[in-house]
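Observations on the model geometry
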Amino acid sequence: MPPPLDFVVLDVETTGLDPAAGHDVIEIGAQKIHGRDVVGEFVSLVKPAHPLPIDVVDFHAKNGITQDRLDQEGKNPEDVVPELVTFVGPAVIVGHNVTFDLGFINEHLKRLGRPALTNRYIDTVEIAKRYLILASYKLSNVAAYLKVPQPSAHRALVDVITTREVFYKLIERAQGKK
């Protein structure tokens, strides 16, 4: 299974687990890849429609995302989500549990009256389940098993970089190289 020549690795950080319940994207990270070269990068904090729920304040604050920071540095979703769509273009999207990320992006697009992203996608969770036997397939576990450094978690760009490297390792495993 060779990787696509051009693809975009995507990750979002959110205020909860269900976009249809009004949970919001608060950070988007993406890298455009050609071969194995990063040829573009997209990173943005996103202002949520509502204040951060109390149950996620501590979770995100320990990673540097606070309500004050979102208020000061975050872009409005009606600006940033269309920018992401332009950045992604027709590329294949790679992500760890990528349907979660796409669900949030597409819910924001729906709120804006715009069409959903319908790009082909590759989910590294599904590849990991095919080639690895782990108790949990969360990104940190898969990365640790494959010896991919993960300096921190739950920041969009860091998770994009980790996912990209996990993807390469899983491709090598699928090709029988490791």
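Presented here is an overview of the structure given in this document. Being a predicted model, the structure only gives us computed values, none of them experimental.

**Quick word on the overall build of the protein chain**
Along the backbone of the protein chain there are seven helices and five strands. Sequence-ordered secondary structure for the protein chain, helices as α and strands as β, is β-β-β-α-α-α-β-α-β-α-α-α. In terms of C-alpha radius of gyration, the protein chain reaches 16 Å, essentially the compact-globule figure of 16 Å for 178 residues. In terms of its C-alpha atoms, the protein chain occupies a principal-axis envelope of roughly 45 × 35 × 25 Å. For the protein chain, with 178 residues in total, the buried portion stands at 47%. Within the protein chain, contacts between residues at least 6 apart in sequence are counted, and of these 67% link residues at least 24 apart. Accessible surface computed for the protein chain: about 9,000 Å², of which carbon and sulfur atoms make up 53%. Separation between the mean location of the 20 positive side-chain charges and that of the 23 negative ones in the protein chain comes to 9 Å.

**A short note on the packing of helix 3 (residues 77–88) against helix 4 (residues 98–111)**
Two numbers describe a pair of packed helices, the interaxial angle and the distance between the axes. It is the contact of helix 3 with helix 4, at a shortest axis distance of 10 Å, that shows an interaxial angle of 120°. Looking at the two axes, helix 3 sits oblique to helix 4. In this structure, helix 3 meets helix 4 at a crossing whose hand is left-handed. The segment helix 3 lies against helix 4, with Pro77, Val81, Leu84 and Val85 engaging Ile105, His108 and Leu109. For the contact of helix 3 with helix 4, the class distribution of residues is six nonpolar, one polar and no charged.

**Focus on the nonpolar core**
In this structure, Phe7, Leu132, Val142 and Val166 are the most contacted members of the largest nonpolar core, which totals 22 residues. Where this core is concerned, the elements lending two or more residues are strand 1 (6–14), strand 4 (92–95), helix 5 (124–131), helix 6 (139–145) and helix 7 (156–174). For leucine 132, the residues in contact, after removing those within four places along its chain, are Tyr137, Val142, Tyr145, Leu146, Leu170 and Arg173. Leu10, Val80, Leu84 and Ile105 belong to the second largest nonpolar core, which has 21 residues in total.

**Remarks on the pairing of strand 3 (residues 37–45)**
Within a regular beta strand, the side chains point alternately toward one face of the sheet and then the other, so they alternate between its two faces. Where strand 2 (residues 25–34) meets strand 3, eight bridges bridge the pair, whose relative direction is antiparallel. Bridge assignment links glycine 29 to a residue of strand 3, and that residue is valine 43. Hairpin connection of strand 2 to strand 3: two residues between the antiparallel strands, including glycine 35 at a positive phi of 65°.

**Remarks on the pattern of salt bridges**
Scanning all chains against the criterion turns up seven salt bridges. The salt bridge partner of arginine 69 is glutamate 73, with a shortest N-O separation of 3.2 Å. Here arginine 69 pairs with glutamate 73, and both are found in helix 2 (residues 67–73), just four residues apart, close to one helical turn. Classification of arginine 69 by relative accessible area gives partly exposed; the value is 27%. The partly exposed category is assigned to glutamate 73, whose relative accessible area is 47%. Note that glutamate 165 is salt-bridged to arginine 164, the shortest N-O span being 2.9 Å. With a relative accessible area of 28%, glutamate 165 lands in the partly exposed category. Bridged by salt links that share partners, the residues Asp24, Glu107 and Arg111 form one connected network.

**Side note on unusual backbone geometry**
One non-glycine residue, asparagine 97, adopts positive backbone phi at about 60°. Considering the arrangement of structural elements, one finds asparagine 97 in the loop between strand 4 and helix 4. What makes asparagine 97 partly exposed here is its relative accessible area of 37%. You will see that lysine 147, though not glycine, has its phi angle at about 60°, which is positive. Of note, lysine 147 is situated in the loop between helix 6 and helix 7.

What counts, and where the lines are drawn
- Position numbers for residues start from 1 in each chain and track the written sequence from start to end.
- It should be noted that, the model being predicted, local features are given only for residues of pLDDT at least 70 and side-chain atom pairs only at 80 or more, the latter also being counted only at that level, while totals for whole chains, interfaces and linings use all residues.
- Side-chain metrics rest on all non-hydrogen atoms present in the structure, leaving aside hydrogens and water.
- Numbering goes from the N terminus for both helices and strands, where a helix is a DSSP run of H or I of at least four residues and a strand is a run of E of at least two.
- Each radius of gyration is computed over the set of C-alpha atoms, and the globule rule expresses the reference value as 2.2 Å times the number of residues to the power 0.38.
- Exposure categories follow from relative accessible area, calculated using a 1.4 Å probe and restricted to protein chains: below 20% of the type maximum is buried, above 50% is exposed, and the middle band is partly exposed.
- The contact rule is simple, with two residues in contact once any of their heavy atoms fall within 4.5 Å.
- Note on areas: these come from Shrake-Rupley sampling with a 1.4 Å probe, and a residue is covered only by the protein chains present in the view.
- Counted as positive: Lys and Arg. Counted as negative: Asp and Glu. His and the chain ends are not counted at all.
- Positions of charges follow a simple convention, taking NZ of Lys, CZ of Arg, CG of Asp or CD of Glu.
- Note on geometry: axes are lines fitted to C-alpha atoms, helical ones only across the stretch in contact, with angles between N-to-C directions running from 0 to 180 degrees.
- Angles below 35 degrees are treated as roughly parallel, those above 145 as roughly antiparallel, those between 65 and 115 as roughly perpendicular, and all remaining angles as oblique.
- Left-handed describes a crossing whose near helix is turned anticlockwise from the far helix through less than a right angle; right-handed describes the clockwise counterpart.
- Any residue that is not Ala, Val, Leu, Ile, Met, Phe, Trp, Tyr, Cys, Pro, Asp, Glu, Lys or Arg is counted as polar, Gly included; the first ten are nonpolar and the last four charged.
- By nonpolar core is meant a set of buried Ala, Val, Leu, Ile, Met, Phe, Trp, Tyr and Cys residues that side-chain atoms within 4.5 Å join together.
- Whether two strands pair comes down to DSSP finding at least two bridges between them.
- A carboxyl oxygen of Asp or Glu within 4 Å of a side-chain nitrogen of Lys or Arg is what we treat as a salt bridge.

So yeah, pure geometry; function would need other evidence.
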